[in-house]
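Results of the structural survey
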Amino acid sequence: MSIVPGTMTTTSPDGDIVGVNMPIATVVDLRPSSSSPPQRHQLQHQQASPTNLRTYRGGFTSSICSIFTDPTRRQDCCAVACCGVLASDRTRYLLTGERPPPLWRRLVMYLIVPALFLAAMNYFAVEVQFDENGVDGSSSSNYNPYGEGDDSSKTTTRKVAPLPLTLAFYAYLILLTAYGIVHKQSLRKEIMTRLYEERTRARGEEVSDIQLKAFIQRHQLDIGRAHYCCSCCYASDESFLEESGTGAESSFGNGREGTEMEEDFCTSLWKCLSNTFWNVCCGCWCQCWSICALAQEEREAERLTGNQAYTMDYVTFQPYSEYYPSIQALKDNGVTSLWKHMQAISELSLKLLKNVAAVIVVLILFALSDVDANFNFENMIVLLLTLVQAFFIEWLVHWKYCRFDLSFDSVVKYFACGFLLTTPMAVLFEGIISTLTSLIGGFVVVFIFASDDDIASEVQADPTKAIKDFVVKYQGFFVFNVFINSFVVAAMCEELVKYFGYWMVVVPDLLPQEQRVNLASRNTTDASNTEESEEDLDTNQNNQLQPRKSAVSTGNAITVAMVSVALGFACCENLIYIFVYSPPSLGMEISTLLARSLFPVHPLCAAIQSIGVCKRDLEGNRKFGLGRILSPAVLLHGSFDFVLMLAAYYQQRETIIEGNDDDGNGAGPDSEGEATKEVDLAAQLPSLIAGFVFVIIGIVYYAVESRKQSRRLMSMDNAARDQSSLLV
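**Here's the deal with the overall build of the protein**
When you go through the protein residue by residue, the secondary structure sums to 25 helices and 6 strands. Considering only intrachain contacts with a sequence separation of at least 6, the fraction spanning at least 24 residues in the protein is 79%. If you sum the accessible surface of the protein, you get close to 36,100 Å²; carbon and sulfur atoms cover 60% of it.

**Description of the packing of aromatic side chains**
For any pair of aromatic rings, the description consists of the separation of the ring centres together with the inter-plane angle of the planes. Scanning the model with the defined rule gives 26 aromatic pairs in all. On the numbers, 5.7 Å between centres and 55° between planes, the contact of Phe-391 with Phe-415 is tilted. One end of the pair, Phe-391, is in helix H13 (residues 377–399); the other, Phe-415, is in helix H14 (residues 408–451), with 24 residues separating them in the sequence. The exposure class assigned to Phe-391 is partly exposed, which follows from its relative accessible area of 41%. Each residue in the set Phe-449, Phe-470, Tyr-474, Phe-477, Phe-478, Tyr-649 and Tyr-650 is aromatic and connected to the rest through ring pairs, giving one cluster. Geometry around Tyr-401 places Lys-400 over its ring, the cationic atom sitting 5.7 Å from the centre. The ring of Phe-624 is capped by Arg-628, whose NZ or CZ atom sits 4.3 Å from the centre of that ring.

**Remarks on the environment of Cys-571**
For Cys-571, the location among the structural elements is in helix H20 (residues 551–581). Here Cys-571 falls in the buried class, since its relative accessible area comes to 0%. With 152 residues separating them along the chain, Cys-571 and Phe-419 place their C-alpha atoms 6.9 Å apart.

**Regarding the nonpolar core**
Tyr-414 and Tyr-502 are the most contacted members of the largest nonpolar core, which totals 64 residues. Per-element accounting of this core gives the leading share, 10 residues, to helix H17 (residues 475–504).

**Re the side chain of Thr-316**
In this structure, Thr-316 sits in the loop between helix H9 (291–304) and helix H10 (324–332). Judged by its relative accessible area of 6%, Thr-316 falls in the buried class. In this view, Thr-316 contacts Arg-99, Glu-347, Leu-348 and Lys-351; residues no more than four positions away in its chain are not counted.

**Quick look at a nonpolar patch on the surface**
Together, Leu-103, Trp-104, Leu-107, Val-108, Leu-111, Ile-112 and Leu-116 line one region of the surface with nonpolar side chains, adding up to about 680 Å² of accessible area. Examined against the element boundaries, Leu-103 turns out to sit in helix H3 (residues 103–123).

**Brief notes about H3**
What sets the pattern is the α-helix's 3.6 residues per turn: residues three or four places apart point alike. Given a rise of 1.5 Å per residue, 21 residues ought to cover 30 Å, and the 28 Å separating the end C-alpha atoms of H3 matches this to within 8%. Remark: the principal bend of H3, roughly 35°, maps to Met-109. Among all positions of H3, only Pro-114, Phe-117 and Met-121 are buried. The inward-facing, buried residues of H3 contact helix H4 (163–202).

**With respect to the environment of Cys-65**
Positionally, Cys-65 belongs in the loop between strand E2 (17–22) and helix H1 (77–80). On the accessibility criterion, Cys-65 (2% relative accessible area) is buried. Between the C-alpha atoms of Cys-65 and Gln-296, which are 231 residues apart in sequence, the distance is 7.9 Å.

**Some thoughts on the packing of H4 against helix H5 (residues 209–218)**
H5 packs onto H4 with a crossing angle of 130° between their chain directions and a minimal axis gap of 10 Å. In this view, H4 runs oblique relative to H5, as classed from their interaxial angle. Relative to H5, H4 is oriented so that their crossing is right-handed. Of the residues in H5, those in contact with Lys-189, Met-192, Thr-193, Tyr-196 and Glu-197 of H4 are Gln-211, Leu-212, Phe-215 and Ile-216.

**Points about the confidence of the model for the protein**
With 73% of its residues at a pLDDT of at least 70, the protein reaches an overall mean of 78. For residues 139–152, every residue scores under 50 in pLDDT, and the model assigns this stretch 7 contacts once sequence neighbours within four places are set aside. The low-confidence segment residues 241–260 (pLDDT under 50) makes 44 contacts with residues lying over four places distant or belonging to another chain.

**Quick look at helix H16 (residues 463–473)**
The complete set of buried residues in H16 reads Ala-466, Phe-470 and Val-471. Down the axis, H16 shows its buried residues gathered within 140° of arc, on one side only. Where H16 is buried, its residues contact H14, helix H15 (453–461), H17 and helix H23 (626–658).

**Observations regarding the state of the cysteines**
Taken as a whole and judged by the stated rule, the model has 0 disulfides. Sulfur of Cys-417: no disulfide; nearest cysteine sulfur belongs to Cys-78 and is 7.9 Å away. The class for Cys-417 is buried, based on a relative accessible area of 1%.

**Some points on the pattern of salt bridges**
Scanning the entire structure with this criterion turns up 22 salt bridges. With its nearest N and O atoms 2.8 Å apart, the salt bridge here joins Asp-89 to Arg-106. With Asp-89 in helix H2 (residues 85–96) and Arg-106 in helix H3, this residue pair connects regions lying 17 residues apart in the sequence. Classification of Asp-89 as buried rests on a relative accessible area of 12%. Residue classification places Arg-106 among the partly exposed positions, given a relative accessible area of 24%.

**Some thoughts on unusual backbone geometry**
The backbone of Phe-317 shows a phi angle near 60°, a positive value even though the residue is not glycine. By secondary structure assignment, the location of Phe-317 is in the loop between H9 and H10. At Asp-370, a position not held by glycine, the phi torsion is positive, near 60°. Looking at the secondary structure, you find Asp-370 in the loop between helix H12 (347–369) and H13. Note on Asp-370: relative accessible area 56%, which makes it exposed.

**Details of the packing of H4 against H9**
Two elements in contact, H4 and H9, have axes separated by 11 Å at closest approach and are oriented at 40°. Comparing the axis directions of H4 and H9 gives the class oblique. The two elements H4 and H9 meet at a crossing, and its hand is left-handed. Where H4 abuts H9, its residues Lys-184, Leu-187, Arg-188, Ile-191, Arg-194, Leu-195 and Glu-198 lie against Ala-293, Leu-294, Gln-296, Glu-297, Glu-300, Arg-303 and Leu-304.

Conventions adopted
- Residues numbered from 1 in each chain as written.
- Predicted model: local features only at pLDDT ≥ 70, side-chain atom pairs only at ≥ 80, totals over all residues.
- Heavy atoms only, no water.
- Helix = DSSP H or I, 4+ residues; strand = E, 2+ residues; numbered from the N terminus.
- Contact = heavy atoms within 4.5 Å.
- Areas by Shrake-Rupley, 256 points an atom, 1.4 Å probe, with all protein chains shown as cover.
- Phe/Tyr/Trp six-rings, centres within 6.5 Å; stacked < 30°, edge-to-face > 60°.
- Buried < 20%, exposed > 50% of the residue type's maximum accessible area, 1.4 Å probe, protein only.
- Lys NZ or Arg CZ within 6 Å of the ring centre and 35° of its normal.
- Core = buried A, V, L, I, M, F, W, Y, C linked by side-chain atoms within 4.5 Å.
- Patch = residues over 30% accessible without salt bridge, like charges linked within 9 Å, V, L, I, M, F, W, Y side chains within 5 Å.
- Salt bridge = Lys/Arg side-chain N within 4 Å of Asp/Glu carboxyl O.
- Expected span 1.5 Å × (residues − 1).
- Bend = angle between axes of the 7 residues up to and from the residue.
- Axes fitted to C-alpha atoms, helices over the stretch in contact; angles between N-to-C directions.
- Parallel < 35°, antiparallel > 145°, perpendicular 65-115°, else oblique.
- Left-handed = near helix turned anticlockwise from the far one by under 90°.
- pLDDT = per-residue confidence, 0-100.
- Arc of directions from axis to C-beta.
- Disulfide = S-S within 2.5 Å.

Structure, rendered in structure tokens:
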């Protein structure tokens, strides 16, 4: 999966040629078919001279805080996804030719060994009694330091892991972190070395090893600060520009002098946050897991390599030219066999499918072993049904109606991106925003408690009753909190990461027509180093004369791609809700699966987003920025969540008023009574009906807007066909 936006040229209904920025790879050199990395002498960019570019700290041509500042450059998203591991791996491969360690080694280092530590700590843990003050009370039967009689009701028993194992576990985590930091710093040094050599040669001077070492030494502290786990010590690039006399107008440079960048919702939000909290307040950029630094390095690698290596997948680094000709041949011949399409997939998609099959087999064996009473074969059936539900919708959306608009290989990549990458991004963003809103809400609660004498007096006498009275009395506070959680924390974050998931992945199907034709014809031109035969020339001519991909087909491909990301995200979220949030009860797991299957909000919102993306990228409507693309989906998603959350709040409020809450009966959230508690369907029915109404409204909205857009795209196809102009 490659990431870099490029430009597509489309024809509007009135015949004007419109340049469209789409999430497609902009390729400088498409001819090399080998998967070998570019060598140092090949890394000559084809942009402006480096002496004409603004220089930021360390010799970079873009600021470390330039992430998300260019709406047409969405490879920055990959620096956020998976903590930037994929972005760092590709950058290192492009510049040094070093491949990342195999997946099994990373699983052993980052998953299996920590899991073994935790299992050993749990196995060898000993039970220790603590009193209500947290003091070790294991010997309270023999001696009471407070001089009172033994009261076992005031002591709790906890399992404490052995100190040597605990220290070894944390030492291992520190060692892994240090290894990652050193590994990233070495890559940053390599990039800075390339930049220094580039600028020195551009001035017509020879590269001196002594001066190069001195340059790296001067920036040694910056190299370390850029890749700290979490710090606010990286000095502002703007101050460096002023000190060096380059006279930059803004710290949001992108290395393109004289170019004014259009700002969308994400760009404006990031610029506001960075200027408010970091650059203005402390004069330093905030680094969190070196996300900004990795994005800066990826941008620089793109410039140094001249974009030529963005015709390859992530992870495997397999060029598109090695597998796309087979995919294109299946489309040209109208092959409808799913098995043949599966045989033509890339190495990356094949690895993804194999890993999924291996995980399912391991889980089945684990369920049959009865090691965990909460996960038996019945629970495994629920897990398989959850996957089948997502795969069925995927089959319906893609294979039944749009199998030739987007390849099966691309669908696998988009679905995997939604499942593996966008879900952690959503958890990260939602966690950050939830923390901020919780802090603000906490201050409001403290102010309310301080101003309300009745509740303040109850806090000292009976804190539990005070909280219940607060829930019943201050409805406005909780309604507003539900609004923020539904529209901002849930809807906006999830719709944003789903869009990023689509925007990150670049597949050959969405490349410009000329590049796809070159890729499809490479099975003949790269067969040998001899001159082409007449038959090969005829094949290439046929490829050049093949019908252009229509705007309608491209629109369908965009819709399927965005829905596939959403289905991957929804599938992972469903698994979390079923096996993490739901009580360990087979009935609750099945009911949760059915409820979430009846309301396919995520794929519906993604389809609505695709309408705005097509308006921007195919119809050339530049007014449709990220904000207008996300707004309808956020409104629908937020309204759906708001109704359900609000109903849950008022149901809990009525329970408190009636005195039917189970406080004080010893039944905690993990107790058997709570797990087997029957759901009051009568109380939840109104909210379920309201949620169903919102889903119907969303379906109707998408159907109407999609039909209008199809007419416009067909009009563009007809106009382009009459003028014999390029659509894509």
